[in-house]
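# Report on the structure
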Amino acid sequence: MYVATFYSFKGGVGRTLALLNVAYEMAQSGLRVLVVDFDLEAPAIHADRWKSTPSGTTETDVGASFDHPGIIEYVSTYMESMRAPEVSDHIVDATPDNCSGAISLMPAGRIDESYGSRLNAIDWNELYVDYDGYVMFEDMRAQWEALHVDYVLLDSRTGFTDVGGICTRHLPDAVVTLFRPDDQSLRGMKGVVQSIRNEGTTPRRQQPVALHFVMASIPDADDEDGILARHRRAFRTALSIPPGRLLEVRQYQSMDLLTQPIYTRTRPRTSLAGSYRELTEKIRALNVHDRDGVLDYLTDAGKGGPDPHDETYLGRIRQEYAEDAGVLGELAETSYCRGSILDAADLFERMADLGSLSKRHQMRLAESRHVTGDHEGAAKALMMFFQSPVDDSSPEVNSGLIFRGLNMLEARREDRGIYLDGSPVISVLSSSHQAEVAEGLDLSPPERRVAAAIFERILRDGDVSPEIRDGWEWGLAFACMAIARFAEARAFFERAINENLNVAPIPTTFNLAMAMWAESGEPNAETFRQVLKALDVEEDKSPWLDDANGLQALAVAAWFGGRLDDADAYLDAAEEVIRGNRSAISCWSYTRVPHKRFHDHCEEIHRLLSGEDLKPDFIRSPRGPES
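Computed from a predicted structure; not experimentally measured.

Broken down by element type, the protein chain carries 30 helices and ten strands. Taking 627 residues into account, the globule formula puts the C-alpha radius of gyration at 25 Å, and the protein chain, at 36 Å, lies well above it. The C-alpha extent of the protein chain, read off along each of the three principal axes, is 115 × 50 × 45 Å. Classification of the 627 residues of the protein chain by burial places 52% in the buried group. Contacts spanning at least 24 positions in sequence make up 69% of the contacts within the protein chain whose residues lie at least 6 apart.

What follows is the structure, given as structure tokens:
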């Protein structure tokens, strides 16, 4: 049970209306809510307040009867007998129709001609001093909890009062303060807020009272002089409002305000209803026992920078949900995003111990282990990510997540094909995203083999445009070059040229020439000359002349095409371009290689240009399907 008091130093800021709407929003989400009307001098809450029709009215709105015993009767009975009455006798059901949760009300009291005299007969100071009022309210709170309600919302009277102290310091876990952005409110709120902060912990309440700040009744008008900004700064400074704890509610101009409807029910798309929903979320976010609220809090906390108030609360969340993998996962994500890598790593390890890691968290576990130097553990986590089954609890699998794993494996210089061969995480992606992954598998023949399998699957299953299919078939043929499936590669490149498919002519012709060389064992000079002819008529040669792989391929084509001087120039340029790159695709292996390995390939090509009888690496050391 979590008790939240709604308090305003001055009236007219919409305090009670805010409470009514928050209560409905909570109940509509399935929670059990008890509303207690402690505004004894001006009681305004009756059991039918939440049962309004779409027009915002009920049969009892005007002159509604308040005929159920409440706070006044409870306290009076206690002072007469020195025995705590049954709280349930002073509570009435107020749940509207079609509500997912429940609302109950402990009203101010039975409103009749004697209400005023009965209220005035209670000396609140005497209650505490001579009648153990503190114990009485502790018993009342315990009885509320015995009703198994999730939230108790107290509507407190305004100003400095004895009852106000009960509502703002004794009973609550949180106080929602509502105020206008004016000087009088600021002066009054400073003392109230400070007294709440000065309230120490108790055996029951081990944490300080949480404070929420709502700047209400803000004129919805132009502010050319920046008046609101100045007042906002003044309130933030004077009340020490932490980041994210100030909610602003603009004045809402509508005749509906005369009936004070439940806007979150009858006018859910209004700005006022949106403000009440946001307030509800903020209250729930700071209740460490509200799992859904905590999850929302963690989502928001992960977007911001470190805040000392948050750090304390994050520690409480960790303690409360030590066995809850779902919350621990979001807590770990929050710590990770805020730069607390070691904390995140520890939380991911705890989740692994609990045996409950989503795909996203498996990747985070691998990353945290990698960062902390546990390379063997990172490898195990990556294998788990790529090879463990995918179920409905892993909707977050996407190509970006997969590429994070691929990049980590590349940084670790591991063969990614071992991790991805038959990986279930690839098959859950859309065909276009599977193609994106396949195009990135280019570091080794085993990776190319996996890429070929992916392309074959999506070509078999995918219903796509001819242009996209041509691109996928081109990717499959290119992957086949690295795994000794030369005949398949040659057949596609040949068909692509003959049928004028939607592929680039220069690389397609070059790859056809290389496939023919690999298949027959002898280079076909005429096909290589066709590469040079295609380049000669190409208006924009920059994609080739500015690319290390393109220049390297042109060097080979120029050699066999009879342009010997061009061959040397292209090869020298390729080596110069690769100096500014970590890696590049090499036509000598049909894989992406580090710049040093690229230079080694260029050295072999230099030897070819010098007359040695050399064949490319992918022909000399073929990696067929059985490798």
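From this point, the discussion proceeds with the structure in view.
What follows is about helix α7 (residues 183-198). Note: α-helices contain 3.6 residues per turn, so residues at a spacing of three or four share the same orientation. With 16 residues, α7 ought to run about 22 Å at 1.5 Å a step, and its terminal C-alpha atoms sit 23 Å apart, in line with that. Largest kink in α7: about 25°, centred on M189. Within α7, the full set of buried residues consists of S185, L186, G188, M189, V192, V193 and I196.

A few words on the packing of aromatic side chains. With the rule as written, the count across this model stands at 16 aromatic pairs. Pairing F38 with F137 gives two aromatic rings, centres 6.2 Å apart and planes at 50°, and the pair type is tilted. In this pair, F38 is assigned in strand β2 (residues 32-38) and F137 in helix α5 (residues 133-146), connecting sequence segments 99 residues apart. The class for F38 is buried, based on a relative accessible area of 0%.

Here we take up the pattern of salt bridges. Applying the stated criterion to the full structure yields 42 salt bridges. Of the charged contacts in the structure, one is a salt bridge between E410 and R592, with a shortest N-O distance of 2.9 Å. With E410 in helix α17 (residues 399-411) and R592 in strand β10 (residues 591-594), this residue pair connects regions lying 182 residues apart in the sequence. With relative accessibility at 26%, the residue E410 sits in the partly exposed group. For E526, the salt bridge is made with R529, and the minimal N-O distance between the two is 3.2 Å. One end of the pair is E526 and the other is R529, both in helix α25 (residues 525-537) and three residues apart, which spans about a single turn. A relative accessible area of 35% means that E526 is categorised as partly exposed. On the accessibility criterion, R529 (33% relative accessible area) is partly exposed.

So, about the sheet that holds strand β4 (residues 102-106). Hydrogen bonds along the backbone pair up the strands of a sheet, which may run parallel or antiparallel. One open sheet holds the eight strands; their spatial order is β3-β4-β2-β5-β1-β6-β7-β8, and the pairing between them is mixed. Because the sheet does not close on itself, it has two edges, and the strands there are β3 (92-93) and β8 (246-250). In the sheet, strand β6 (residues 174-179) pairs with strand β7 (residues 210-218) via six bridges, with the strands oriented parallel. The partner of F179 across the bridge, within β7, is M215.

Here the largest pocket is characterised by a volume of approximately 870 Å³. Residue lining of the largest pocket: 30 residues in total, with D173, Q207, P208, A210 and R316 positioned closest to the centre. At the level of secondary structure, the elements contributing two or more residues to the lining of the largest pocket comprise α5, α7, β7 and α12 (308-320). Broken down by element, the lining of the largest pocket gets its largest block of residues, seven residues, from α12. Considered class by class, the residues forming the lining of the largest pocket number twelve nonpolar, eight polar and ten charged. In this structure, the second largest pocket occupies an estimated 700 Å³ of space. If you trace the second largest pocket, you find 28 residues lining it, with L443, S444, R592, V593 and P594 closest to the centre.

Another aspect to go through is the side chain of R448. If you trace the backbone, R448 turns up in helix α21 (residues 445-461). Although R448 is buried, it forms no salt bridge, and the closest oppositely charged side chain is D442 at an N-O distance of 5.1 Å. There is a polar contact of 2.9 Å between the side chain of R448 and the backbone oxygen of Y590. For R448, the residues in contact, after removing those within four places along its chain, are L441, D442, F478, A479, A482, I483, I585, Y590 and T591.

Interhelical geometry of helix α24 (residues 505-520) versus α25 gives an angle of 170° and a closest axis separation of 8 Å. By the angle class used here, α24 and α25 are roughly antiparallel. Note on element contacts: α25 touches α24 through T527, F528, Q530, V531, A534 and L535, opposite I506, T509, F510, L512, A513, M514, M516 and W517. Tallied by class, residues from the contact of α24 with α25 come to eleven nonpolar, three polar and no charged.

To continue, consider the packing of α21 against helix α22 (residues 466-482). The contact between α21 and α22 brings their axes to 8 Å, and the two run at 150°. Put simply, α21 runs roughly antiparallel to α22. The interaxial crossing formed by α21 with α22 has left-handed handedness. Residues P445, R448, A451, A452, F455, E456, I458 and L459 of α21 touch α22, and the partners they reach there are R469, W472, E473, G475, L476, F478, A479 and A482. Residues belonging to the contact of α21 with α22 are distributed by class as follows: eleven nonpolar, one polar and four charged.

Two strands pair when backbone bridges link them, and strand β9 (residues 583-586) and β10 are joined in this way by four bridges, in the antiparallel orientation. Bridge pairing links S583 to P594 in β10. Once β9 ends, the chain turns through four residues before running back antiparallel as β10, passing Y590 with a positive phi of about 60°.

Quick look at the state of the cysteines now. By the definition in use, this model includes zero disulfides. Unpaired in terms of disulfides, C480 finds its nearest cysteine sulfur in C587, a separation of 18 Å. In this model C587 remains outside any disulfide bridge; the closest cysteine sulfur is found in C602, 8.1 Å from its own.

A separate point is the environment of V193. Structurally, V193 can be placed in helix α7. For V193, a relative accessible area of 2% puts it in the buried group. With near-sequence residues (within four places) excluded, V193 lies in contact with L211, F213 and L239.

Let's shift gears to the side chain of S104. Note on placement: S104 falls in strand β4. Not counting residues up to four positions away in its chain, the partners in contact with S104 are V33, L34, V35, I91, V92, D93 and A94.

This next bit is on the confidence of the model for the protein chain. For the protein chain, the mean per-residue pLDDT works out to 88, and 93% of the residues sit at or above 70. Taken as a whole, residues 54-64 scores under 50 in pLDDT and shows 16 contacts with residues more than four places along the chain or in a different chain.

Parameters and conventions
- Residues numbered from 1 in each chain as written.
- Predicted model: local features only at pLDDT ≥ 70, side-chain atom pairs only at ≥ 80, totals over all residues.
- Heavy atoms only, no water.
- Helix = DSSP H or I, 4+ residues; strand = E, 2+ residues; numbered from the N terminus.
- Rg over C-alpha atoms; globule rule 2.2 N^0.38 Å.
- Buried < 20%, exposed > 50% of the residue type's maximum accessible area, 1.4 Å probe, protein only.
- Contact = heavy atoms within 4.5 Å.
- Expected span 1.5 Å × (residues − 1).
- Bend = angle between axes of the 7 residues up to and from the residue.
- Phe/Tyr/Trp six-rings, centres within 6.5 Å; stacked < 30°, edge-to-face > 60°.
- Salt bridge = Lys/Arg side-chain N within 4 Å of Asp/Glu carboxyl O.
- Pairing = 2+ DSSP bridges.
- 1 Å grid on protein atoms, 1.4 Å probe; cavity = no way out; pocket = protein on both sides within 12 Å on 5 of 7 lines; lining within 4 Å.
- Points joined across faces, edges and corners; volume = space filled by probe spheres on them.
- Nonpolar A, V, L, I, M, F, W, Y, C, P; charged D, E, K, R; others polar.
- Lys, Arg positive; Asp, Glu negative; His and termini not counted.
- Polar contact = N/O pair within 3.5 Å; in protein donor to acceptor, adjacent residues only side chain to side chain.
- Axes fitted to C-alpha atoms, helices over the stretch in contact; angles between N-to-C directions.
- Parallel < 35°, antiparallel > 145°, perpendicular 65-115°, else oblique.
- Left-handed = near helix turned anticlockwise from the far one by under 90°.
- Disulfide = S-S within 2.5 Å.
- pLDDT = per-residue confidence, 0-100.

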